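Chain by chain, the residues run as shown.
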Amino acid sequence: MKSLLIALAALLMSCTSATSSQQKSPDMQKNAELIASESQGGANESGFRIIKDEKEFLTVIKGGFNFVEEGKESTINYPKYPKNKKVVLYNLGSFRSGSHTINEIKSISVKDNVLYVEVPAGEPSGGMEIQVLSNPWFLFAVPADYQFTSVELKYSK
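Please read all numbers here as calculations on a predicted model, not as lab measurements.

Caption draft 1: Broad picture of the sheet that holds strand E4 (residues 107-111). As summarised here, the arrangement of the three strands in space is E4-E5-E7, forming an open sheet in which the pairing is mixed. Strands with a single pairing partner mark the edges of an open sheet, and in this sheet they are E4 and strand E7 (150-156). Here the strands of the sheet are splayed against their neighbours by 25 degrees on average, with no regard to which way each runs. The pairing of strand E5 (residues 114-120) with E7 spans seven bridges and is parallel. Bridging across to E7, leucine 115 finds its partner in valine 151.

Take a look at the structure:
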């Protein structure tokens, strides 16, 4: 019984020490900036890519607003390219129904070269839904010094 308590205590200590190695600070919420979120236009598979410059940024943004008449484009206020930040385009994949757009980033953290992005969980709409294929995506900015090789969404209430 004593050895079981010792093993349980050791397991608890190892779990609490593992979470302290994350890059997370109180102002991290301010450092994550949601730039754009669209319900259509993303890739069929989930994944991310880092936007390298303002030209690529504008190409992505203008592609999301694809229902604009030619010549009327100057009336749209496109988001500005964030300076001194890393811009990430994240494709959520393909869905058959429901709304999957991201409206808020609750927090971000980096652990073991993985950027964890916490977003609110979608509310089920209930009832019958029309089956509509959607390929949602969103664009967000993180501090430029963040080093990561993959992005993972964490849904929370």
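Caption draft 2: Quick look at the sheet that holds strand E2 (residues 47-51). The four strands are arranged E1-E6-E3-E2 in an open sheet whose pairing can be described as antiparallel. On the outer flanks of this sheet lie strand E1 (33-38) and E2, each paired with one strand and no other. This sheet shows a mean twist of 20 degrees between the axes of neighbouring strands, independent of strand direction. Here E2 pairs with strand E3 (residues 85-91) via five bridges, running antiparallel. Each bridged residue has a counterpart across the sheet, and for phenylalanine 48 the counterpart in E3 is tyrosine 90.

Analysis parameters
Residues numbered from 1 in each chain as written. Predicted model: local features only at pLDDT ≥ 70, side-chain atom pairs only at ≥ 80, totals over all residues. Heavy atoms only, no water. Pairing = 2+ DSSP bridges. Helix = DSSP H or I, 4+ residues; strand = E, 2+ residues; numbered from the N terminus. Axes fitted to C-alpha atoms, helices over the stretch in contact; angles between N-to-C directions.

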